[in-house]
Amino acid sequence: RIMRPDDANFAGNVHGGIILKMIEEAGAIISTRHCNSQDGEPCVAALARVERTDFLSPVCIGEVANVSAEITYTSRHSVEVQVNVMSENILTGAKKVTNKATLWYVPLSLKNVNKVVEVPPIQYARKEQEEEGKKRYEEQKLDRLETKQRNGDVIFPIINPEPHTVGYSQSSLIHLVGPSDCTLLGFVHGGVTMKLMDEVAGIVAARHCKTNIVTASVDAINFHEKIKKGSVITISGRMTFTSNKSMEIEVFVDADPFVDEARERYRAVSAFFTYVSLSKEGKPLPVPQLLTETEDEKRRFEEGKGRYLQTKAKRQAQLQQAA
Amino acid sequence: RIMRPDDANFAGNVHGGIILKMIEEAGAIISTRHCNSQDGEPCVAALARVERTDFLSPVCIGEVANVSAEITYTSRHSVEVQVNVMSENILTGAKKVTNKATLWYVPLSLKNVNKVVEVPPIQYARKEQEEEGKKRYEEQKLDRLETKQRNGDVIFPIINPEPHTVGYSQSSLIHLVGPSDCTLLGFVHGGVTMKLMDEVAGIVAARHCKTNIVTASVDAINFHEKIKKGSVITISGRMTFTSNKSMEIEVFVDADPFVDEARERYRAVSAFFTYVSLSKEGKPLPVPQLLTETEDEKRRFEEGKGRYLQTKAKRQAQLQQAA
Amino acid sequence: RIMRPDDANFAGNVHGGIILKMIEEAGAIISTRHCNSQDGEPCVAALARVERTDFLSPVCIGEVANVSAEITYTSRHSVEVQVNVMSENILTGAKKVTNKATLWYVPLSLKNVNKVVEVPPIQYARKEQEEEGKKRYEEQKLDRLETKQRNGDVIFPIINPEPHTVGYSQSSLIHLVGPSDCTLLGFVHGGVTMKLMDEVAGIVAARHCKTNIVTASVDAINFHEKIKKGSVITISGRMTFTSNKSMEIEVFVDADPFVDEARERYRAVSAFFTYVSLSKEGKPLPVPQLLTETEDEKRRFEEGKGRYLQTKAKRQAQLQQAA
């Protein structure tokens, strides 16, 4: 679809969250279609995980985003979808790859939302495809267990924070879940959650460096817990790490099913977003260093540095492989 | 994309206006892309006309609408686009053709919005295609001249109207044109206008028969006059004719460029929408007859009857041809 | 959240209605949460009244609006919430207080929408707080009785009105209530209604003075009657008074539950909005005087003048007290 002014920041760059929402919708359509392609229980595919995603180039107002999706692996209870986004300037005809994302969906029964139904297997063109898919499946399974551990943290507001400290830029946003945010099962679309997460992360980044910022990447996101229609969700973000030219922001989503007394507020999702600061000509700018004060902040900074160096190393390995 | 609760009425049927808006966006993308495909002045395709469109079957919440567009004819200054909409129930895999629409676009220069640029010719697979296209082009040109005549009418409100009279159901809506309603040239997307027109027509129809109603068809719509960002538009609808099972509603769009004082309020678009009333099981229901009071209302009723009988005759001729 | 182009007028000032909607959402969340905090019937807080609200400074596109809410008084069946809005320019770090609003909510049972449930009492830091709250509670109760009286008026359209007359700028808008406009109980959010009211009032003001206008204040609004999902609402506005630099607009909301035939069209809400006209530099401009023609228009002008002088006197008293 054509990108509109509301999809973009004041510099005309489309918010990463809008792209993430389109990616997730395409993934949900193709995987729900596949899971209902054989006789069996009607079901809706729910997003379980998005692999680390890089934003290769910013999209601008007036460009058309072309989204294509393909199922690349199926296990007994999950579907892996590869989604590619191309942005096209229909005036010049120029096309650019914007994103390549990998998403995992789990089909939930339309009658009983707690029941995972079986996924019809796909045909692979080559045998290695199945093996590689299985490997990716095992890897993400392990990784999902790990992230479940780090879920207890909370963000406290700081009074009169100094510029460039963690407390200075941290932000949170509340959203009341409406009907159009939800799937047929009455739970929030993963894409809606990611769009809100990107919005908060973007505010944190802009508060820190006070320039035009764009989403550079999102690390893997696991959707542990469904969020029901009518819940209030609180999305909080804080900066964890800065390199010379990038900022890492941790974002939490807490859901409060506040009318339905049976349940306490719970952590539904958490993720790391990386942002870069751009000049008016679209060139990356240096980023002010994050000032860490508490022990926890220093620890998180080191952890962020670890992730940053790991990603950098991986990318260099890929480049060398490609060369 | 997946149809949401916000796209539909309380019975779960997606508003015809949402479909029209998707159709127009697809047409605008393909024709803008085509007109910029050769070296020449950058331009944006503006909707000039939509041919009569039938809504073959209602679309429901949770279904996916697949929109495909193809350029079928080019004249020196205009592009004909054929857009097809299929609705797909991704749970059952059932697909239905929802719409087949024909739209005419005119490329306007990005630098000078009053200049129409030249359209690169397309290649035809068979020679007859070009001749048939030319015939359609000449026909719509004639038809556009004709509708320009009937543009002076205004809707006056009636105090304490009786049920089922014209005054009882007539309705109007104002809308302030925002940035997301507009193309790169700063003029309202034809699809946005059609969505608002369908909204008003639907309220007129529902007020008349007080049941669940759906758009059955829209006659040809000509976009004589552009509408600028920041204008206030008034969309007014009144019922003109009822058959046993359908209602015809005339809709006017008046634009008020109230920031730019140089220009008076003007009639931008007008069209006839046909609605049917559906039972809870989705079967067409009888419609209360429209009570006409003034001479003008009686004349418009007869004109509506003429259009109704003509359409009916055409459809039967097509059925016989097909048989 | 970040203010987007669609939230603002062509001069980049965010519509007062967008702010009112955010205020109401924050109030609804905090009071619903409070009313469900003890064992008891699950309930949803419905907006009963908003006290007079001043817009202290305009908010612009790209700024972040920070909304904070606090419960300041509870009676047996109602909750008083104080909501503050700060706008923050995240590029410069500049913050301004935009609004301080006081809202009253009543908790309605989720099972039986006609039943008001009991509100758990809050703890007061000082005893005087409870007494002051009680005084405010009694005052607004009296005021609500009063406004119920003036509810019968209707707006009739005028043919070919002269510039600056009441008929020239009066406007009305219809809106079909969709699922996203409603609470869990299926009734329109008070904030959605206020946003539409501000939209109509803004169009009336802009038609009158043909410049960039912004909301300066809203008088107390009482929500007498709930509006059900699927209703058509008509929002009408007419100018009642102009001072040198401000315009007062009266806005009515009429609901037409047209699917549910048991009920006639009824007046759901009414209120007075005050607008000012701004130059390109953001300075207040003189406003053309309203031309009154009928006896009713002259009477309403005098009443408006009374409200204007009263507000002015109150404000001066507050300034003197503060000095």
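About the thresholds
- Residues numbered from 1 in each chain as written.
- Chains lettered and ligands numbered in written order.
- Predicted model: local features only at pLDDT ≥ 70, side-chain atom pairs only at ≥ 80, totals over all residues.
- Heavy atoms only, no water.
- UniProt positions renumbered as here; feature names shortened; annotations may be inferred.
- Helix = DSSP H or I, 4+ residues; strand = E, 2+ residues; numbered from the N terminus.
- Expected span 1.5 Å × (residues − 1).
- Buried < 20%, exposed > 50% of the residue type's maximum accessible area, 1.4 Å probe, protein only.
- Core = buried A, V, L, I, M, F, W, Y, C linked by side-chain atoms within 4.5 Å.
- Contact = heavy atoms within 4.5 Å.
- Buried area = accessible area lost by both parts, 1.4 Å probe.
- Salt bridge = Lys/Arg side-chain N within 4 Å of Asp/Glu carboxyl O.
- Polar contact = N/O pair within 3.5 Å; in protein donor to acceptor, adjacent residues only side chain to side chain.
- Axes fitted to C-alpha atoms, helices over the stretch in contact; angles between N-to-C directions.
- Parallel < 35°, antiparallel > 145°, perpendicular 65-115°, else oblique.
- Nonpolar A, V, L, I, M, F, W, Y, C, P; charged D, E, K, R; others polar.
- Least-squares fit on C-alpha atoms with pLDDT ≥ 70 in both.
- Pairing = 2+ DSSP bridges.
- Disulfide = S-S within 2.5 Å.
- pLDDT = per-residue confidence, 0-100.
- Phe/Tyr/Trp six-rings, centres within 6.5 Å; stacked < 30°, edge-to-face > 60°.
- Patch = residues over 30% accessible without salt bridge, like charges linked within 9 Å, V, L, I, M, F, W, Y side chains within 5 Å.
- Areas by Shrake-Rupley, 256 points an atom, 1.4 Å probe, with all protein chains shown as cover.
- Domains from an automatic or database assignment.

Per an unreviewed UniProt entry, the recorded name for chain A is palmitoyl-CoA hydrolase, and the organism is Probosciger aterrimus. Turning to chain A, the UniProt record has this under Subcellular location (unreviewed entry): "Cytoplasm".

K.L.:
Could you clarify how one ought to interpret helix α1 (residues 16–35) of chain A in this entry?
P.N.:
Owing to its 3.6 residues per turn, the α-helix aligns residues three or four sequence positions apart on the same side. With 20 residues, α1(A) ought to run about 28 Å at 1.5 Å a step, and its terminal C-alpha atoms sit 28 Å apart, in line with that. Of all 20 residues making up α1(A), 17 are buried, and the element is well covered by its neighbours.

K.L.:
What should I look at first to understand unusual backbone geometry in this one?
P.N.:
What you tend to see is this: most non-glycine residues have negative phi, and most peptide bonds are trans. Residues other than glycine seldom take positive phi values, yet A:H164 does so here, at roughly 70 degrees. Mapped onto the elements, A:H164 comes out in the loop between α2 (127–149) and α3 (166–169).

K.L.:
Can you walk me through the nonpolar core in this structure?
P.N.:
For soluble globular proteins, the rule of thumb is that nonpolar side chains tend to be buried together. Residues and elements named next belong to chain A. By size, the foremost hydrophobic cluster in this structure holds 76 residues, and its most contacted members are I227, I235, M247, I249 and F273. Broken down by element, the residue count for this core peaks at eleven residues, all from helix α4 (residues 190–209). Setting aside its immediate chain neighbours within four residues, F273 contacts L20, M194, M197, D198, A201, T215, S217, V218, M247, E248, I249 and V251.

K.L.:
How should I be thinking about the interface of chain B and chain C in this particular structure?
P.N.:
Where the parts come together, the accessible area they lose is often given as the size of the interface. Counting residues at the interface gives 26 residues for chain B and 25 residues for chain C. Carbon and sulfur atoms make up 69% of the area that chain B and chain C hide from each other, which totals about 2,500 Å². Taken together, chain B and chain C are joined by two salt bridges. Counting every contact that joins chain B to chain C gives zero residue pairs in polar contact (both at pLDDT 80 or more). Those elements that place two or more of their residues in the side of chain B that touches chain C are β6 (171–176), α4 (190–209) and β9 (232–242) of chain B. Looking at the side of chain B that touches chain C element by element, the count peaks at five residues for β6(B).

K.L.:
Can you walk me through the interface of chain C and chain A in this structure?
P.N.:
The interface is formed by 28 residues belonging to chain C together with 22 residues belonging to chain A. The junction of chain C with chain A conceals about 2,200 Å² of combined surface from both sides, 62% of it contributed by carbon and sulfur atoms. Contact with chain A buries area across many residues of chain C, yet C:I29, C:I90 and C:L91 alone supply 25% of it, more than any other trio. For the interface between chain C and chain A, the tally reads two salt bridges. One salt bridge connects A:R207 with C:E88, and the closest N-O pair in it is separated by 2.2 Å. Summed over the shared surface of chain C and chain A, the number is four residue pairs in polar contact (both at pLDDT 80 or more).

K.L.:
Sorry, what's going on with the environment of B:A8 here?
P.N.:
Residue and element names in this part refer to chain B. Here A8 shows up in the segment before α1 (16–35). Taking the relative accessible area as the measure of exposure, A8 reaches 6% and is therefore buried. With 52 residues separating them in the primary sequence, A8 and C60 have C-alpha atoms 7.4 Å apart. Discounting chain neighbours no more than four positions away, the residues touching A8 are N13, V14, H15 and I61.

K.L.:
In this structure, what is going on with the packing of α1(B) against α4(B)? I would like to understand it.
P.N.:
How two helices pack is summed up by the angle between their axes together with the distance between the axes. Residue and element names in this part refer to chain B. Following both chains from N to C, one finds α1 and α4 inclined at 170 degrees, their axes separated by 8 Å at the closest point. It follows from the interaxial angle that α1 and α4 lie roughly antiparallel. From α1, G16, G17, I18, L20, K21 and E24 reach across to α4, where they touch G190, G191, V192, M194, K195 and D198. Looking at the contact of α1 with α4 residue by residue, the class counts come to four nonpolar, four polar and four charged.

K.L.:
Would you mind showing me how to read the relation of the copies chain C and chain A here?
P.N.:
A rotation about an axis combined with a shift along that same axis relates the two copies of the chain. In screw terms, the move from chain C to chain A is a rotation of 120 degrees and a rise of 0.1 Å along the axis, fitting with an RMSD of 0.2 Å. The symmetry that links the two subunits is that of a three-fold axis. Comparing interface residues between copies, only 14% of those in chain C also sit at the interface in chain A, which points to a heterologous contact through distinct surfaces.

K.L.:
Looking at this model, I keep getting lost on the UniProt feature "active site" (unreviewed entry) in chain A. Mind explaining?
P.N.:
All names here are of chain A. UniProt's feature table lists "active site" (unreviewed entry) at N9 and D198, given in the numbering used throughout. In three dimensions, the annotated residues from a span of 190 residues occupy one location, with a maximal C-alpha spread of 12.2 Å. Tracing the sequence through the fold places N9 in the segment before α1. Those residues within four positions of N9 in sequence are excluded, and the remaining contacts are H15, N212 and I213. Looking at the secondary structure, you find D198 in helix α4. If sequence neighbours within four positions are ignored, D198 has contacts with H15, G16, G17, T215, F273 and Y275. Of note is the side chain of D198, whose polar atom sits 2.8 Å from the backbone nitrogen of G17.

K.L.:
Can you help me understand the sheet that holds strand β5 (residues 95–109) of chain B in this one?
P.N.:
Sheet strands line up and pair through hydrogen bonds in the backbone, either parallel or antiparallel. All names here are of chain B. Spatially, the five strands line up as an open sheet ordered β3-β4-β5-β1-β8, and their pairing is antiparallel. The open sheet has two edge strands with one neighbour each: β3 (64–74) and β8 (221–222). Sheet topology note: the strand β1 (residues 43–50)/β5 ladder contains seven bridges and is antiparallel. Bridge assignment links R49 to a residue of β5, and that residue is W104.

K.L.:
In this structure, what is going on with the UniProt feature "domain: HotDog ACOT-type" (unreviewed entry) in chain A? I would like to understand it.
P.N.:
Annotation from UniProt places "domain: HotDog ACOT-type" (unreviewed entry) at residues 1–111 and 167–281 of chain A. Segment residues 1–111 of chain A splits into 18% helix and 41% strand. End C-alpha atoms: 33 Å apart.

K.L.:
What is the right way to look at the state of the cysteines in this model?
P.N.:
Each disulfide consists of one covalent bond between the sulfur atoms belonging to two cysteines. Scanning all chains against the criterion turns up zero disulfides over all chains. No disulfide involves C:C182; its sulfur sits 15 Å from the nearest other cysteine sulfur, which is in A:C182. By relative accessible area, C:C182 is classed as buried at 9%.

K.L.:
Would you explain the relation of the copies chain B and chain C in this entry?
P.N.:
Taken as rigid bodies, chain B and chain C are interconverted by a rotation of 180 degrees and an axial shift of 0.1 Å, the fit giving an RMSD of 0.1 Å. What the superposition gives is, in effect, a two-fold axis relating one chain to the other. If distances are taken from each C-alpha of chain B to the rotation axis, the shortest is found for B:L173, at 2.3 Å.

K.L.:
Sorry if this is basic, but what is going on with the confidence of the model for chain A here?
P.N.:
Low-pLDDT stretches of the model should not have their predicted coordinates read in fine detail. Residue and element names in this part refer to chain A. Scored by pLDDT, chain A has a mean of 89; 97% of the residues are at 70 or more. Model confidence for chain A, summarised as mean pLDDT per element, is weakest for α2 at 86 and strongest for strand β4 (residues 79–88) at 94. Our summary of model confidence lists the complex with pTM equal to 0.81 and ipTM equal to 0.74.

K.L.:
Just checking my understanding: could you explain the sheet that holds strand β7 (residues 212–218) of chain B for this structure?
P.N.:
Residue and element names in this part refer to chain B. The sheet built from six strands is open, its strands ordered β2-β7-β11-β10-β9-β6 with antiparallel pairing. Two strands close off the open sheet at either side, each with one partner strand: β2 (53–54) and β6. Summarising the sheet, β6 and β9 pair through six bridges and their orientation is antiparallel. Across the sheet, residue L176 finds its bridge partner in β9, namely V232. Against the sheet, helix α5 (residues 295–322) contacts β2, β9, β10 (247–256) and β11 (266–278), and its axis sits at roughly 75 degrees relative to β9.

K.L.:
Hey, could you run me through the packing of aromatic side chains in this one?
P.N.:
By convention here, two paired aromatic rings are described through the distance between centres and the angle between planes. If you walk through the whole model with that rule in mind, you get 18 aromatic pairs over all chains. Judged by centre distance (6.4 Å) and plane angle (70 degrees), the ring pair of C:Y73 and C:W104 falls under edge-to-face. Of this pair, C:Y73 sits in strand β3 (residues 64–74) while C:W104 sits in strand β5 (residues 95–109); the two residues are 31 residues apart in sequence, bridging distant segments of the chain. Aromatic rings pair up to connect A:Y73, A:W104, A:Y124 and A:Y137 into one cluster.

K.L.:
Explain a nonpolar patch on the surface here, please?
P.N.:
A contiguous nonpolar patch, built from A:I61, B:L110 and B:L184 and spanning about 230 Å² of accessible area, is present on the exposed surface. Of note, A:I61 is situated in the loop between β2 (53–54) and β3 (64–74). Overall, the relative accessible area of 32% leaves A:I61 in the partly exposed class.

K.L.:
Help me understand the domain arrangement of chain A, please; the structure alone is not making it clear to me.
P.N.:
All names here are of chain A. You can read the domains of chain A as domain 1 (2–146) and domain 2 (166–322). Centre-to-centre separation of domain 1 and domain 2, based on C-alpha positions: 19 Å. On the domain 2 side, the residues contacting the 29 residues of domain 1 number 29 residues. At the boundary of domain 1 with domain 2, total buried surface from both sides reaches about 2,300 Å², with 62% on carbon and sulfur atoms. The interface formed by domain 1 and domain 2 holds one salt bridge in total. The partner of D54 in a salt bridge is R315, with the nearest N and O atoms 3.8 Å apart. In this assembly, domain 1 and domain 2 are joined by ten residue pairs in polar contact (both at pLDDT 80 or more). When residues of the side of domain 1 that touches domain 2 are assigned to their parent elements, the largest contribution, six residues, is made by α1. Of the residues contributing to the side of domain 1 that touches domain 2, the split by class is 13 nonpolar, eight polar and eight charged.

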